[in-house]
Amino acid sequence: MLKLENVSITFNKGTVNEKKALDNVSLTVEDGDFITVIGSNGAGKSTLMNAVSGTYEIDKGKIFLDDKNITRLKEYQRARFIGRLFQDPLRGTAPNMTIEENLGLAYSRGKRRSLNIGIKRKDLNLFREKLSELGLGLEDRMKTPVGLLSGGQRQALTLLMATIVTPKLLLLDEHTAALDPKTAAKVMEITEKIVKENNITTLMITHNVSNALAYGNRTIVLSQGRLAFALEGEQRKNMTVEGLMKLYSDNAGDAFTDKMLLD
Amino acid sequence: MGPDKPTYKKIIRLAPKLIIVIALLLLINFTMMESVVIGTLEKGLVFSLLALGIFISFRILDIPDLSVDGTFTLGVAVSVMNAFNGSPIKGIILAVVAGAVAGCVTGILITKLNVQPILAGIITMTALYSINLTIMERPNISLYRKDTIYTMAKDIFGEDYYKLVVSAIVLLIASLLLFMFLKTQAGMSLRATGDNEYMVRASSINSDRMKILGFAIANALVSLSGAMYTQYSSAGDSNSGTGMLVVGLASIIIGEIFFTKHTILFGILSAITGAIAYRYILAFAMNLGMDSNYTKLFSAVIVAVAIALPAIKQLIGRTAKRFSKENR
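About the thresholds
Residue positions are given per chain, counting from 1 as you read along its sequence in written order. Think of it this way: whatever chain is written first is A, whatever ligand is written first is 1, and the rest follow in order. In keeping with the predicted nature of the model, local features appear solely for residues at pLDDT of at least 70, side-chain atom pairs appear and are counted solely at 80 or more, and the whole-chain, interface and lining totals rest on all residues. Note that water and hydrogens are dropped before the side-chain values are worked out from all heavy atoms of the structure. Whether two residues are in contact is decided by their heavy atoms: any pair within 4.5 Å suffices. Once two parts are put together, the accessible area they lose, assessed with a 1.4 Å probe and summed over both, is termed the buried area. Salt bridges are identified by distance alone: a Lys or Arg side-chain nitrogen within 4 Å of an Asp or Glu carboxyl oxygen. Comment: elements are numbered from the N terminus, with helices defined as DSSP H or I runs of at least four residues and strands as E runs of at least two. The domain limits used here are those given by an automatic or database domain assignment. Any N or O atom pair separated by 3.5 Å or less is treated as a polar contact, with the protein-specific requirement of one donor-capable and one acceptor-capable atom, and with residues adjacent in sequence counted only for side-chain atom pairs. In this description, strands pair whenever DSSP reports at least two bridges between them. All axes are obtained by fitting lines to C-alpha atoms, using only the stretch in contact for helices, and the reported angles, taken between N-to-C directions, cover 0 to 180 degrees. The patches reported here contain residues having more than 30% relative accessible area and no salt bridge. Joining distances are 9 Å for like charges and 5 Å for nonpolar side chains (Val, Leu, Ile, Met, Phe, Trp, Tyr). Throughout, the Shrake-Rupley method with a 1.4 Å probe supplies accessible areas, and for residues the shown protein chains are the sole cover considered. Joining through side-chain atoms within 4.5 Å is the link that ties buried Ala, Val, Leu, Ile, Met, Phe, Trp, Tyr and Cys residues into a set, and such a set is a nonpolar core. Burial classes follow relative accessibility: with a 1.4 Å probe on protein chains only, a residue under 20% of its type's maximum area counts as buried, one over 50% as exposed, and anything between as partly exposed. Here a cavity is any set of points on a 1 Å grid over the protein atoms alone where a 1.4 Å probe fits but cannot get out, and a pocket is any open set with protein on both sides within 12 Å along at least 5 of 7 lines; a residue lines the site when it has an atom within 4 Å of a point. Grid points are joined across faces, edges and corners, and a volume is the space filled by probe spheres set on the points. Under the convention adopted here, Pro, Cys and the residues Ala, Val, Leu, Ile, Met, Phe, Trp and Tyr are nonpolar, Asp, Glu, Lys and Arg are charged, and Gly plus all remaining residues are polar. Two rings from Phe, Tyr or Trp (for Trp, the six-membered ring) form a pair when their centres are within 6.5 Å of each other. A pair whose planes differ by under 30 degrees is stacked, one over 60 is edge-to-face, and the rest are tilted. Any Lys NZ or Arg CZ that is within 6 Å of a ring centre and within 35 degrees of that ring's normal is treated as a charge sitting over the ring.

Enquirer: Explanation requested: the interface of chain A and chain B in the structure shown.
Expert: Think of interface size as the accessible area that goes away when the parts come together; that is how it is often given. The interface is formed by 31 residues belonging to chain A together with 21 residues belonging to chain B. When the two sides are added together, the surface that chain A and chain B hide from each other amounts to roughly 2300 Å², 56% of it contributed by carbon and sulfur. In terms of surface lost to chain B, no three residues of chain A exceed A:Tyr76, A:Arg91 and A:Arg113, which account for 28% of the buried area on that side. A salt bridge links B:Arg201 to A:Glu75, with the nearest nitrogen and oxygen atoms 3.0 Å apart. Counting only elements with at least two residues in the side of chain A that touches chain B, the list comes to α2 (75-78) and α3 (99-107) of chain A. In terms of residue count, the dominant contributor to the side of chain A that touches chain B is α3(A) (4 residues).

Enquirer: Before we go on, may I ask you to explain the domain arrangement of chain B in this structure?
Expert: Residues and elements named next belong to chain B. Each domain of chain B was delimited in the assignment, giving domain 1 (1-31) and domain 2 (38-295). Summarising the inter-unit geometry, the C-alpha centres of domain 1 and domain 2 are found 31 Å apart. For the pair domain 1 and domain 2, the two sides together bury roughly 650 Å², of which 76% comes from carbon and sulfur. Counting across the domain 1 and domain 2 interface gives 0 salt bridges. In this assembly, domain 1 and domain 2 are joined by 0 residue pairs in polar contact (both at pLDDT 80 or more).

Enquirer: Could you clarify how one ought to interpret the sheet that holds strand β4 (residues 60-65) of chain A in this entry?
Expert: Sheet strands line up and pair through hydrogen bonds in the backbone, either parallel or antiparallel. Residue and element names in this part refer to chain A. Pairing is antiparallel across the open sheet formed by 4 strands, whose spatial order is β2-β1-β4-β5. The sheet is open, and its two edges are formed by β2 (19-29) and β5 (68-69), each paired on a single side. Helix α1 (residues 45-53) contacts β1 (2-11), β2 and β4 of the sheet and is inclined by roughly 115° relative to β1.

Enquirer: Looking at this structure, I do not really get the sheet that holds strand β8 (residues 201-205) of chain A. What am I missing?
Expert: Residues and elements named next belong to chain A. Taken together, the 6 strands give an open sheet; going across it, the order is β6-β7-β8-β3-β9-β10, and neighbouring strands pair in mixed fashion. The strands lining the two open edges of the sheet, one partner per strand, are β6 (82-85) and β10 (226-232). Sheet twist, expressed as the mean angle between neighbouring strand axes with direction ignored, is 20°. Where β6 and strand β7 (residues 169-173) come together, 4 bridges link them in parallel fashion. Looking at the pairing, Leu85 lines up with Leu172 of β7. Its contacts with the sheet put helix α5 (residues 151-163) on β6 and β7, and the angle it makes with β6 is roughly 175°.

Enquirer: Got a minute to help me understand the environment of A:Lys60 in this structure?
Expert: Residue and element names in this part refer to chain A. For Lys60, the position within the fold is in strand β4. Taking the C-alpha atoms as reference points, Lys60 and Leu22, separated by 38 residues in sequence, lie 9.8 Å from one another. Excluding its chain neighbours within four sequence positions, the residues that come into contact with Lys60 are Asn6, Val7 and Ser8.

Enquirer: For this particular structure, what's the right way to read a nonpolar patch on the surface?
Expert: All names here are of chain B. Nonpolar side chains collect at one region of the surface, where Ile156, Phe157, Ile169, Leu172, Ile173, Leu176, Leu177 and Met180 lie side by side and expose about 800 Å² of accessible area between them. Listing elements by their share of the nonpolar patch, those giving two or more residues are α7 (154-157) and α8 (162-182). With 6 residues, the top contributor of residues to the nonpolar patch is α8. Inspection of the secondary structure assignment puts Leu177 in helix α8.

Enquirer: So what exactly am I meant to see when it comes to the nonpolar core here?
Expert: The nonpolar side chains of a soluble globular protein tend to be buried with one another. Ranked by internal contacts, the top residues of the largest apolar core, which has 114 residues, are A:Leu103, A:Leu131, B:Leu50 and B:Met228. A:Leu4, A:Val7, A:Leu22 and A:Ile205 belong to the second-largest nonpolar core, a separate cluster that totals 27 residues.

Enquirer: Which parts of the structure should I look at to understand empty space enclosed by the protein?
Expert: If you roll a probe as big as a water molecule over the atoms, it shows you where there is empty space left. For the structure on display, the rule yields 2 cavities of 30 Å³ or more. Of the volumes computed, that of the largest cavity is approximately 80 Å³. Considering the residues around the largest cavity, the lining is formed by A:Arg84, A:Phe86, A:Gly92, A:Arg109, A:Thr158, A:Met161, A:Ala162, B:Met199, B:Ala202 and B:Ser203. Counting residues per element, the ones that place at least two in the lining of the largest cavity are α5 of chain A together with α10 (197-202) of chain B. In terms of residue count, α5(A) provides more of the lining of the largest cavity than any other element does, 3 residues in total.

Enquirer: Would you explain the side chain of B:Ser57 in this entry?
Expert: Residue and element names in this part refer to chain B. Within the secondary structure layout, Ser57 lies in helix α2 (residues 34-60). You can call Ser57 buried: its relative accessible area is 1%. Residues within four places of Ser57 in sequence aside, it is in contact with Asp62, Ile63, Asp65, Phe215 and Ala218.

Enquirer: Is there a simple way to think about the layout of surface pockets in this case?
Expert: By volume, the largest pocket amounts to about 990 Å³. Mapped by element, the contributors of at least two residues to the lining of the largest pocket are α3 and α4 (121-134) of chain A together with α2, α9 (185-195) and α13 (264-287) of chain B. Grouping the amino acids of the lining of the largest pocket by side-chain chemistry returns 14 nonpolar, 9 polar and 11 charged.

Enquirer: Sorry if this is basic, but what is going on with the pattern of salt bridges here?
Expert: Per the counting criterion, the structure on display carries 16 salt bridges over all chains. Residues B:Glu197 and B:Lys211 are paired through a salt bridge, measuring 3.3 Å at the closest nitrogen-oxygen approach. Of this pair, B:Glu197 sits in helix α10 while B:Lys211 sits in helix α11 (residues 207-232), placing them 14 residues apart in sequence. Here B:Lys211 falls in the buried class, since its relative accessible area comes to 13%. It is possible to trace a salt-bridge network through shared partners that takes in A:Glu75, A:Arg84, B:Glu197, B:Arg201 and B:Lys211.

Enquirer: I would appreciate a short explanation of the packing of aromatic side chains in the present structure.
Expert: Note on aromatic pairs: each is described by the distance of the centres and the angle between the planes. In this structure the tally under the stated criterion is 9 aromatic pairs over all chains. Centre to centre, the rings of B:Phe47 and B:Tyr229 are 5.0 Å apart; their planes meet at 50°, and the pair counts as tilted. A residue pair is termed long-range when its members are at least 10 positions apart, and B:Phe47 in helix α2 and B:Tyr229 in helix α11 qualify at 182 residues. Classification of B:Phe47 by relative accessible area gives buried; the value is 3%. Considering the side-chain rings of B:Phe259 and B:Phe266, the 5.7 Å spacing of their centres and the 45° angle between planes classify their relative orientation as tilted. Note that A:Arg91 overlies the ring of A:Phe86, its terminal NZ or CZ placed 5.2 Å from the centroid.

Printed below as a string of structure tokens:
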């Protein structure tokens, strides 16, 4: 369970460029929740993710993961229980290392990096099996440097790396936005499969409104650093893209950006 | 023809390199005396350790480490003082430890104290200048008639090849340990830190700690190189580190002509090959009458040209294009 209590972040404090990126956000994510997050540019979606993952230090408030206060933990310390995907497919993998080396690093998540051999033989079978589940043929290219893979392949591999040791929380920051529509659909399909199979608590930012309704069990809408409203249960089930747009402009004070409409 | 084609193509691709190697070997064979050939190889082996250290900071961590000039001399100072006082082996071991500590200082300056990498290296190097002089007590020390790890091995390996064998053994042990380390979990984390820091932190690896560890290992190797060199030449000089960074870089760049694959094994082999080839090129240039004062200018030019090569190629390409257009 992830709990945010009155979390605030202000950028460029005390200058003319001061911007409240997160303004008193409180949010509870129950175990097994798959929450989709939408909002216009600058609404604070990515800042929310970065606050949870520890990339940004928060100015005010507290963050709990499974009743443990993680507010003061550093990014790499939180990464023991939080898996993460970025929008940029190049960010999640080490390009000059092979597929199996990348997976080996991910597989020792949360453990001390010791002087034990990096990739054990028995792990290789597990890696091959998991890679074949992606259905991209990567299981036959385990010794290929990741830099030679396509963006979609790298993002699928990052997804596997983020979940190969089941995390308590998975953060997806528009992880399909940089991919072509067909690849994006494929990566989304893999995402849903992995999340469902392992019952991983997930937060997913998306620009795609229909995706936001199609996946997960709750949708939250951010506007100007605040939680504008949330959708769940019956109301969410019966919601259409047009309905959500209308609800948004009625509730959130600013209109959806063109980019969201186009997606 | 089908299956033969790749091999045939491979040979064509490797041909320029083979020609370089053969030409070098012929030059060495015809122009140098045997003692020079062996002496150059010995030096190449000792300076391979330097190249391996710089390989870690420049290629694996991808951060320039300018403290090298200082840590090389640190190795010289620690090693020469201990050898002078009758314990050469202790000198080598302590030099490795001292180099690692100096590397940690650079690493901590960069990661914990947010000093820019280039400045951090210069700070450590400058501080080491005083420290090295303090250790040595005077600017240069001769080990004439003193025991070194080389003279100690003279009886075992024979009069002719003892220096070669000792250098080779130390290099072999160091590169084997390095290779094995880079295959461990900690070693893989170190490599990933230089490759993609975002990914490293998202994988619960403390990237700061990895950088400090990397600088420690890099400078331990550089210091070991200095420690070996001073006992090899039976003399220690407080200025011997000057320009070592560029020498090491030149070695790495030369090595990468021969090995293009970016695996760990090839990286290590490439650093060693480059360091040895660099010594032969230098020996050959001096054989042709180059003044030994010019050795550093020589390595500086190699590094500058090698790094500028892509830009020069582009410039030539653009000019050629313009001319061909104007001709039409």
